There are 2 protein chains.
Amino acid sequence: MTDTATDDFTLLLDDQLCFSLYAASRAVTQLYRPLLEPLGLTYPQYLVLLVLWERGALPVRELGEALRLDYGTLSPLLKRLEGSGLVRRVRRAEDERSVRIELTDAGDALRERAMGIPARIGDAMGLTAEQHEQVQGLLAGLTERVAARAAELAGRRGDRSGPTRQ
Amino acid sequence: MTDTATDDFTLLLDDQLCFSLYAASRAVTQLYRPLLEPLGLTYPQYLVLLVLWERGALPVRELGEALRLDYGTLSPLLKRLEGSGLVRRVRRAEDERSVRIELTDAGDALRERAMGIPARIGDAMGLTAEQHEQVQGLLAGLTERVAARAAELAGRRGDRSGPTRQ
DNA sequence: CCAAATTCAATCGTGCGCAATTTAAATGCG
DNA sequence: CGCATTTAAATTGCGCACGATTGAATTTGG
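Here's a quick rundown of the structure. Quick caveat, the model's predicted, so the values are computed rather than measured. (Residues numbered from 1 in each chain as written. Chains lettered and ligands numbered in written order. Predicted model: local features only at pLDDT ≥ 70, side-chain atom pairs only at ≥ 80, totals over all residues. Heavy atoms only, no water.)

1. Some details on the overall build of chain A
Inference 1: When you go through chain A residue by residue, the secondary structure sums to seven helices and three strands.
Inference 2: Counting only residues that meet the buried cut, chain A has 43% of its 166 residues in that class.
Inference 3: For chain A, the share of sequence-separated contacts (at least 6 apart) that also reach a separation of at least 24 residues comes to 47%.
Inference 4: For chain A, the accessible area works out to roughly 8,600 Å², and carbon and sulfur atoms hold 47% of it. (Helix = DSSP H or I, 4+ residues; strand = E, 2+ residues; numbered from the N terminus. Buried < 20%, exposed > 50% of the residue type's maximum accessible area, 1.4 Å probe, protein only. Contact = heavy atoms within 4.5 Å. Areas by Shrake-Rupley, 256 points an atom, 1.4 Å probe, with all protein chains shown as cover.)

2. Concerning the nonpolar core
Inference 1: Within the largest apolar cluster, 107 residues are counted, with the highest numbers of intra-cluster contacts made by Tyr 46 and Leu 49 of chain A together with Tyr 46 and Leu 49 of chain B.
Inference 2: Beyond its immediate chain neighbours, meaning those up to four positions away, Tyr 46 of chain A contacts Tyr 32, Leu 36, Leu 41, Trp 53, Ala 114, Ile 117 and Pro 118 of chain A together with Leu 11 and Gln 16 of chain B. (Core = buried A, V, L, I, M, F, W, Y, C linked by side-chain atoms within 4.5 Å.)

3. A few points about the interface of chain A and chain B
Inference 1: Of the residues lining the interface, 69 residues belong to chain A; the matching set on chain B comes to 71 residues.
Inference 2: Carbon and sulfur atoms supply 69% of the area buried between chain A and chain B, which totals about 6,900 Å² over both sides.
Inference 3: Sorting the residues of chain A by area buried against chain B places Leu 11, Leu 17 and Tyr 22 of chain A first, and these three jointly supply 10% of that buried surface.
Inference 4: Counting across the chain A and chain B interface gives two salt bridges.
Inference 5: For Arg 149 of chain B, the salt bridge is made with Asp 123 of chain A, and the minimal N-O distance between the two is 3.3 Å.
Inference 6: Counting across the chain A and chain B interface gives twelve residue pairs in polar contact (both at pLDDT 80 or more).
Inference 7: For the side of chain A that touches chain B, the elements supplying multiple residues, two or more each, are helix H1 (17-36), helix H2 (43-55), helix H3 (60-67), helix H5 (105-114), helix H6 (117-125) and helix H7 (129-153) of chain A.
Inference 8: When residues in the side of chain A that touches chain B are grouped by element, the largest group, 17 residues, is from H1 of chain A. (Buried area = accessible area lost by both parts, 1.4 Å probe. Salt bridge = Lys/Arg side-chain N within 4 Å of Asp/Glu carboxyl O. Polar contact = N/O pair within 3.5 Å; in protein donor to acceptor, adjacent residues only side chain to side chain.)

4. What about unusual backbone geometry?
Inference 1: The backbone of Arg 68 of chain A shows a phi angle near 55 degrees, a positive value even though the residue is not glycine.
Inference 2: Note on placement: Arg 68 of chain A falls in the loop between H3 and helix H4 (71-83).

5. Thoughts on the packing of H1 of chain A against helix H1 (residues 17-36) of chain B
If you want to describe how two helices pack, look at the angle between their axes and the distance between the axes.
Inference 1: It is at 9 Å that the axes of H1 of chain A and H1 of chain B come closest, and there the two elements cross at 135 degrees. Overall, the two elements H1 of chain A and H1 of chain B adopt an arrangement that is oblique. For the crossing formed where H1 of chain A meets H1 of chain B, the hand is left-handed. Between H1 of chain A and H1 of chain B, the contacting residues are Cys 18, Leu 21, Tyr 22, Ala 24, Ser 25, Val 28 and Tyr 32 of chain A on the first element and Cys 18, Leu 21, Tyr 22, Ala 24, Ser 25, Val 28 and Tyr 32 of chain B on the second. (Axes fitted to C-alpha atoms, helices over the stretch in contact; angles between N-to-C directions. Parallel < 35°, antiparallel > 145°, perpendicular 65-115°, else oblique. Left-handed = near helix turned anticlockwise from the far one by under 90°.)

6. Thoughts on the environment of Leu 103 of chain A
Residue and element names in this part refer to chain A.
Inference 1: Considering the arrangement of structural elements, one finds Leu 103 in strand E3 (residues 99-103).
Inference 2: Linking Leu 103 and Ala 93, residues ten residues apart in sequence, is a C-alpha distance of 18 Å.
Inference 3: Non-local contacts of Leu 103, meaning those with residues more than four positions away in its chain, are made with Leu 49, Leu 52, Trp 53, Leu 86, Val 87, Arg 88 and Asp 108.

7. A word on the protein's contact with DNA strand C
Inference 1: Around DNA strand C there are 29 residues in total, and Thr 42 of chain A together with Tyr 22, Lys 79, Arg 89 and Val 99 of chain B lie nearest to it.
Inference 2: Among the atoms of DNA strand C close to the protein, meaning within 4 Å, 78% are from sugar or phosphate groups.
Inference 3: A distance of 2.9 Å is found between a phosphate oxygen of DNA strand C and a side-chain nitrogen or oxygen belonging to Arg 26 of chain B.
Inference 4: Within the side chain of Ser 75 of chain B, a nitrogen or oxygen atom sits 2.7 Å from a phosphate oxygen of DNA strand C.
Inference 5: For the surface near DNA strand C, the secondary structure elements donating two or more residues are H2 and H4 of chain A together with H1, helix H3 (60-67) and helix H4 (71-83) of chain B.
Inference 6: Taken together, the residues that form the surface near DNA strand C break down as seven nonpolar, eight polar and 14 charged. (Near = heavy atom within 4 Å. Nonpolar A, V, L, I, M, F, W, Y, C, P; charged D, E, K, R; others polar.)

8. Let's talk about the relation of the copies chain A and chain B
Inference 1: For the pair chain A and chain B, the best superposition has an RMSD of 0.0 Å and corresponds to a rotation of 180 degrees with a translation of 0.0 Å parallel to the axis. Look at the turn and shift together and you get a two-fold axis relating the two. (Least-squares fit on C-alpha atoms with pLDDT ≥ 70 in both.)

9. A word on the sheet that holds strand E3 (residues 99-103) of chain B
Residue and element names in this part refer to chain B.
Inference 1: Pairing in this open sheet of three strands is antiparallel, and the strands run E1-E3-E2 from one edge to the other. Two strands bound the open sheet, and with one partner strand each, they are strand E1 (58-59) and strand E2 (87-91).
Inference 2: Relative to E3, E1 runs antiparallel, the two being bridged by two bridges. Bridge pairing in E3 places Leu 58 opposite Ile 101.
Inference 3: Helix-sheet contacts for H4 involve E2 and E3, and the interaxial angle to E2 is about 120 degrees. (Pairing = 2+ DSSP bridges.)

Below, the structure written as structure tokens:
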């Protein structure tokens, strides 16, 4: 057995890092809610716009890879963003299977109004720069390892990346 | 301005701790899925059982406080757990408004089969004991601060705890 | 004691997440 | 070329999350 964690694993709720993650993630989402509500966005919709603001128009598949979300989540979400007039869904000529997601002018303009949000979130989190980086680094590694293990167990259903691993 | 984090707040996805949290939480839930599927449980249902195994029968309200989940989530979830024969919902005589959630024998027995799960999750996370505690500690503080701020902004809608704060 | 306020829980509506299935377009291969 | 395979996206179904509303039981205050 490796040197992972406490080595006495219990079924106590507060021992479980998973619950800390789950609780933290939901708390942050709830903080976003009142900040995004004036923009008419949900948190996942905001994440989609972050990617589009950063990288420009993208096919749905690449959006999904960036956010680790599948079509089952993205398709209806993008339809709602289109309904809000923030993105266009354009069937590409080179490959008629593929749909490119483009920002409309309104979607592009929304970026201005979102500029202040990261600072407000960061402020509420109340971590120092070192803590922020530390947590982010540990979570990045954790996510990668956990996703790899999940892919093994699930029999390679969501084979997003990573080799067969034995 | 306080000493929170990087001080150059951007709209870049990978700068955002919130996304690391969101991605990590979903990855962990996906790892639980194949482990819980043989027990016929979802991850939130498993969390409810953790609390009941630890603390015994509880009114719905206290379950919700422990997990930070509201009735809108818990009521249907508990109805499904009752349908699976793992818990009973007992209207209390002293206070007819309150419903006590009790484990059935089957729910109690399931504890045995769940004993191995925390170790499997901990192993996949691949953190040392120090890292584990560090992340957990930082997330606990973060969650508390973020929830407090969210409660302020939302105008005290979900006034779960904590004073008015100015 | 009784009306107003509070509390516990359920329900409803919306929007994720995700597995599984379906459809259509593109690619590969004999 | 022709047909099987692969790929992009949408759809379906289920189970959360959560705000808002509702209803019933209890508590509070006059």
